[in-house]
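Structure at a glance
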Number of protein chains: 2
Amino acid sequence: MGQKIKYFGQVGMLKANMVEEYVGLHADPWPDVVKMIQECNLTNYSIFLHGRMVFSYYEYTGDDYAADMKRMEEDPVTQQWWGHTHPCFEEYAFDQKSPYYHDMKQIFYVN
Amino acid sequence: MGQKIKYFGQVGMLKANMVEEYVGLHADPWPDVVKMIQECNLTNYSIFLHGRMVFSYYEYTGDDYAADMKRMEEDPVTQQWWGHTHPCFEEYAFDQKSPYYHDMKQIFYVN
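In this text, all values refer to a predicted model and were calculated from it rather than measured experimentally. (Residues numbered from 1 in each chain as written. Chains lettered and ligands numbered in written order. Predicted model: local features only at pLDDT ≥ 70, side-chain atom pairs only at ≥ 80, totals over all residues.)

**Brief notes about the overall build of chain A**
This is how the line gets drawn: In this text, helices come from DSSP runs of H or I with a minimum length of four residues, and strands from runs of E with a minimum of two, each type numbered from the N-terminal end. For every residue, the other C-beta atoms within 10 Å of its own C-beta are counted; 20 or more classify it as buried, 12 or fewer as exposed, and values in between as partly exposed. C-beta atoms are placed from the backbone. The contact criterion used is a C-beta to C-beta distance within 7 Å, with each C-beta placed from the backbone.
The secondary structure content of chain A amounts to four helices and five strands. Starting at the N terminus and walking to the C terminus, you meet the elements of chain A as β-α-α-β-β-α-α-β-β. The principal-axis extent of the C-alpha atoms belonging to chain A is close to 45 × 35 × 25 Å. When burial is assessed residue by residue, chain A has 23% of its 111 residues classed as buried. In chain A, 73% of the contacts between residues at least 6 apart in sequence involve partners at least 24 apart.

See below:
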């Protein structure tokens, strides 16, 4: 259990006037948010920017992604953090079910 | 030397009628292309797809990225492979200097 890494790639679109805010938040992320990411078994987490477009990449090393995501969603500090990050997004830019980041499909992997 | 990992995120846009071709090529990549990727110190290499948009992520573990990229560009088998993959792209979709994948800027990292 938990041995197989899962690879996540997600795309999002920021509001033009919120790019600087989003970059600033992530240049100095709250320690308790970072801690929750790690406790929820997300690792090697990067966000990349081009223009207004953001791409996030992370690896999941746990056994129950849904349960870990639920834990993160219920964390009060993470909710506060999202209160700052979510307004940066152009909502539903890539999918009508994904207001912020939208999961992409992994089509290639080389170790 | 070579201890510090560099993280690369790149975005590209495929032609609508070439998405299937691109996915098919990467579902079964040529072994010599994979070997060249590894010899050029690229690792943990994923490509993600959403619609026509592709995002690639990899880590560079070598000492001289420019030299390794030059080596890859000069590899005859890799050139043959690119002869199949490059026509899949909507050229210069994200930057007038990048015909295929365009480098994004890393703005966040959590280990």
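From this point, things continue past the structure.
**Section: the packing of helix 2 (residues 31–39) of chain A against helix 4 (residues 76–85) of chain A**
Residues and elements named next belong to chain A. As a reminder of what qualifies: Here, axes are lines fitted to C-alpha atoms. For helices the fit covers the stretch in contact, and angles between N-to-C directions go from 0 to 180 degrees. Each helix crossing is assigned a hand: it is left-handed if the near helix lies turned anticlockwise from the far helix by less than a right angle, otherwise right-handed if that turn is clockwise. Polarity classes work like this: nonpolar for Ala, Val, Leu, Ile, Met, Phe, Trp, Tyr, Cys and Pro, charged for Asp, Glu, Lys and Arg, and polar for all others, with Gly in that last group.
Two elements in contact, helix 2 and helix 4, have axes separated by 9 Å at closest approach and are oriented at 115 degrees. Relative to helix 4, the crossing made by helix 2 is left-handed. Facing helix 2, whose interface residues are D32, V33 and M36, helix 4 presents V77, T78 and W81. Class assignment of the residues belonging to the contact of helix 2 with helix 4 gives a composition of four nonpolar, one polar and one charged.

**Let's talk about unusual backbone geometry**
Even without being a glycine, Y92 of chain A presents a positive backbone phi close to 55 degrees. Residue Y92 of chain A is classed as partly exposed on the basis of its 13 C-beta neighbours within 10 Å.

**Section: the relation of the copies chain B and chain A**
Here is the rule we go by: Least squares is used to superpose the copies, and the fit set is the C-alpha atoms of residues whose pLDDT is at least 70 in both copies.
When chain B is fitted to chain A, the residual RMSD is 0.0 Å, and the transformation amounts to a turn of 180 degrees plus an axial shift of 0.0 Å. The symmetry that links the two subunits is that of a two-fold axis. By residue overlap, the copies meet face to face through one surface: 100% of the interface positions of chain B are interface positions in chain A.

**Quick word on the interface of chain B and chain A**
Applicable threshold: Any two strands are treated as partners once DSSP identifies two or more bridges connecting them.
Opposite the 30 residues of chain B that make contact, chain A presents 30 residues. Residue assignment for the side of chain B that touches chain A shows that the elements contributing at least two residues are strand 1 (6–13), helix 1 (19–27), helix 2 (31–39), strand 2 (42–50), strand 3 (53–60) and strand 5 (105–110) of chain B. Its residues assigned to classes, the side of chain B that touches chain A shows 20 nonpolar, nine polar and one charged. Relative to strand 2 of chain B, strand 5 (residues 105–110) of chain A runs antiparallel, the two being bridged by five bridges. Within strand 2 of chain B, the position partnered with F108 of chain A by the bridge is I47 of chain B.

**Quick look at the nonpolar core**
Stated precisely, the cut-off is as follows: Joined through C-beta atoms within 7 Å, a set of buried Ala, Val, Leu, Ile, Met, Phe, Trp, Tyr and Cys residues constitutes a nonpolar core.
By size, the foremost hydrophobic cluster in this structure holds 40 residues, and its most contacted members are V11, V54 and F55 of chain A together with V11, V54 and F55 of chain B. Mapped by element, the contributors of at least two residues to this core are strand 2 (42–50) and strand 3 (53–60) of chain A together with strand 2 and strand 3 of chain B. Setting aside residues up to four positions removed in sequence, V11 of chain A forms contacts with M53, F55, F94, Y101, H102 and M104 of chain A together with H50, M53 and F55 of chain B.

**Examining the sheet that holds strand 1 of chain B**
If you walk across this open sheet you meet the five strands as 5(A)-2(B)-3(B)-1(B)-4(B), and the pairing is antiparallel. The strands lining the two open edges of the sheet, one partner per strand, are strand 5 of chain A together with strand 4 (102–103) of chain B. The pairing of strand 1 of chain B with strand 3 of chain B spans eight bridges and is classified as antiparallel. Within strand 3 of chain B, the residue paired with Y7 of chain B across the bridge is E59 of chain B.

**A closer look at the confidence of the model for chain A**
This is how it is decided: On a scale of 0 to 100, pLDDT captures the predictor's confidence in every residue.
Within chain A, residue pLDDT values average 96, and 97% of them lie at 70 or more. Note on the complex model: pTM 0.95, ipTM 0.94.

**Some remarks on the pairing of strand 2 of chain B**
As defined by bridge partners, strand 2 of chain B adjoins strand 3 of chain B across seven bridges and the pair is classed as antiparallel. Paired with L42 of chain B across the strands is Y60 of chain B, a residue of strand 3 of chain B.

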